[in-house]
Amino acid sequence: MSSFPNSIVALAATLERGWQSYRSSGEFDLFVEFTLSLNGLTEQLHRQHLPGLVRACQELENTALTFFADREMHPIPLDQAVAIERKLQIILGELRRHETPAILARRTLDTAEGQIGDCWNQPRRVLIVSRENHPWSASLAEQLGFFGFTPEEARWGEQPANDEPPLAITFIPDVEGRAYPPAAISAIIALRTRFPTSYFYCLSVPSNLQSIVLLQRAGADACVPVGNKVSDVLSRILDLVEMHEQEMHRVLIVEDSATAIAHIRRSLSQHGIDSKAINDPRLLFEVANEYRPDAILMDMYMPFCTGVEVTSALRQIPEYQALPVIYLSSENDIVQQVEALRLGGDQFLTKPVNPIILASVVKTKIERYREMLYSGQHDSLTGLFNHSTSKVQVERLLHAAQPDGQLVVAMIDIDRFKTINDNYGHPVGDQVIRSVAWLLRGRLRSTDLVGRYGGEEFIIALPGIDPAQAIGLIEQIREDFSQLPHAHAHGTLRATLSCGVAALPDYLTASSLIAAADDALLEAKRTGRNRVVLNRGNPQGQ
Ligand SMILES: Nc1nc2c(ncn2[C@@H]2O[C@H](COP(=O)(O)OP(=O)(O)OP(=O)(O)O)[C@@H](O)[C@H]2O)c(=O)[nH]1
């Protein structure tokens, strides 16, 4: 089973073919095509949160761009072609390896009922390099283990036996706050050569330019300053695997010329952007409703009405008020352009548009738009869905599961949380809240809902499993959470959580599922806390 969307597999194949075509002909245009495919692949990998592969692709892109300036440089000299080929093969090799579920994977969980299928993915390895018995190393390894990673410890200069690249490698220097010694730099270089796609964190780096530049040259991706705690590093590693559903960018093209449509769609697809085109603006609302674009490319002059009129009409509909609209026109008149922007457009591009400029404008607009949507739907402390979006997501999962499917909804609440705040302060309380979020995110599938429902209350919804399987899974999370040490100024504290569960078909609506899970949560609190309670209610009850 492939972990990658088909678009990545297809882009990788196009990239390889593109390079072979260039090698056999030496034509500049084929080299440009190859670089464009590479850029598209980088974007896709970025969306999949694979920073190591993104890094390798960007390096290759930079090398390729040095041959962009002049047609006369082609075919490029043999030694340069061999160097590009070597980098390309590393990337393609990594992509092939990741076609089997590994790096995107999550922890495999066994329940009382046995293993819950393919989606519960495999562990993600993190290598920790330090001197023997460094206290941070053991503490980081322990925390990583709790959050579903597989930590491995290694000494400086030691090469791990396993050839699989780890997701991340963290380096803990022997002396905090000093420049890394030459032997450490050499060890980092050796690991970077062996694992070009892993993400490298160097801890306790002094904030001086020379130290940071040396580490970056050796292959560090992130230099974590002196004074940062193990929990900060952990949060960065978790960010690496955070998987917001990174869907492909979707662009709707409103354009009456078939040639222009073909040209634009080709440019967009080379950059990994999905598109749909309509040649009659009167179809816009219907198609936008169904396709849910992230941006619209709007021709200025069409037979039925102008692009400006269509955009003004679109802006009347609340859900499209912020949707980016980019005008395409051969119009050079500045006054017209300013007027078009005033009436609701976001950008004006003059035809024929350079494909690289087009893709980069589209991507920038879409990223901003998605960031805006993201911050409206997510909680800033944990990155989970917020209260209102969680409710919408339960509705969505319920809709997908009905009429005969399975769906389990659970409400989770940290026990006696007020005492944690009172005894250790709000920042420690916040960290405990984040730990629950991380644990849930690390243990559940990307298809499950994980949301922050209130202060220290969370909601999860698990499609396709029955209550017994869900309870097995949540019991494991509850048990692991109770063992998790949370750091405070004078040591560590332990906390527990309680959980209420309700499921289809005992409850048939989103609100009744949530209310029933909430009642079960209260029952769990009443009956001693640190428990999971299932609400079977009245069968078929509402
Ligand atoms: N640190 C922190 N505290 C929060 C946040 N949101 C809510 N709280 C606190 O969470 C506490 C919730 O306390 P209670 O509802 O009394 O419940 P509890 O102490 O967890 O007790 P039980 O639920 O009965 O086990 C309150 O003190 C809130 O101030 C937050 O974002 N950060």
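Conventions adopted
- Residues numbered from 1 in each chain as written.
- Predicted model: local features only at pLDDT ≥ 70, side-chain atom pairs only at ≥ 80, totals over all residues.
- Heavy atoms only, no water.
- UniProt positions renumbered as here; feature names shortened; annotations may be inferred.
- Pairing = 2+ DSSP bridges.
- Helix = DSSP H or I, 4+ residues; strand = E, 2+ residues; numbered from the N terminus.
- Axes fitted to C-alpha atoms, helices over the stretch in contact; angles between N-to-C directions.
- Contact = heavy atoms within 4.5 Å.
- Phe/Tyr/Trp six-rings, centres within 6.5 Å; stacked < 30°, edge-to-face > 60°.
- Buried < 20%, exposed > 50% of the residue type's maximum accessible area, 1.4 Å probe, protein only.

Labelled according to an unreviewed UniProt entry, the protein appears under the name diguanylate cyclase, originating from Azonexus hydrophilus. In its Catalytic activity (unreviewed entry) section, UniProt records this for the protein: "2 GTP = 3',3'-c-di-GMP + 2 diphosphate".

A separate point is the sheet that holds strand 18 (residues 497–503). Strand order in the open sheet formed by five strands is 14-15-13-18-19, with mixed pairing between adjacent strands. Edge positions in the sheet fall to strand 14 (449–452) and strand 19 (532–534), since each of these pairs with one other strand and no more. Pairs of neighbouring strands in the sheet enclose a mean axial angle of 15 degrees, with direction left out of account. Pairing of strand 13 (residues 407–414) with strand 15 (residues 457–463), which is carried by seven bridges, proceeds in the antiparallel orientation. Bridging from a neighbouring strand, Asp-413 pairs with Glu-457 of strand 15. In the packing of helix 14 (residues 387–401) onto the sheet, the strands contacted are strand 13, strand 14 and strand 15, and the crossing angle to strand 14 comes to about 160 degrees.

Inspection of the entire model under this criterion finds 10 aromatic pairs. Seen from their ring centres, Trp-19 and Phe-34 are 5.0 Å apart, and the 50 degrees between their planes marks the pair as tilted. Note that Trp-19 is positioned in helix 1 (residues 6–25) and Phe-34 in helix 2 (residues 28–47), a separation of 15 residues in sequence. The exposure classification of Trp-19 matches that of Phe-34, with both residues buried. Here the aromatic rings of Trp-156 and Phe-171 are separated by 5.7 Å at their centres, their planes lie at 25 degrees, and the arrangement is stacked. One end of the pair, Trp-156, is in the loop between strand 4 (149–154) and strand 5 (168–171); the other, Phe-171, is in strand 5, with 15 residues separating them in the sequence. Linked through ring pairs, Trp-19, Tyr-22, Phe-31, Phe-34 and Phe-67 together constitute an aromatic cluster.

To continue, consider the UniProt feature "modified residue: 4-aspartylphosphate" (unreviewed entry) in the protein. Cross-referencing UniProt, the feature "modified residue: 4-aspartylphosphate" (unreviewed entry) maps to Asp-299 in the present numbering. In this fold, Asp-299 is placed in strand 10 (residues 295–299). Apart from residues lying up to four places away in sequence, Asp-299 is in contact with Val-254, Glu-255, Asp-256, Gly-307, Leu-328 and Lys-351.

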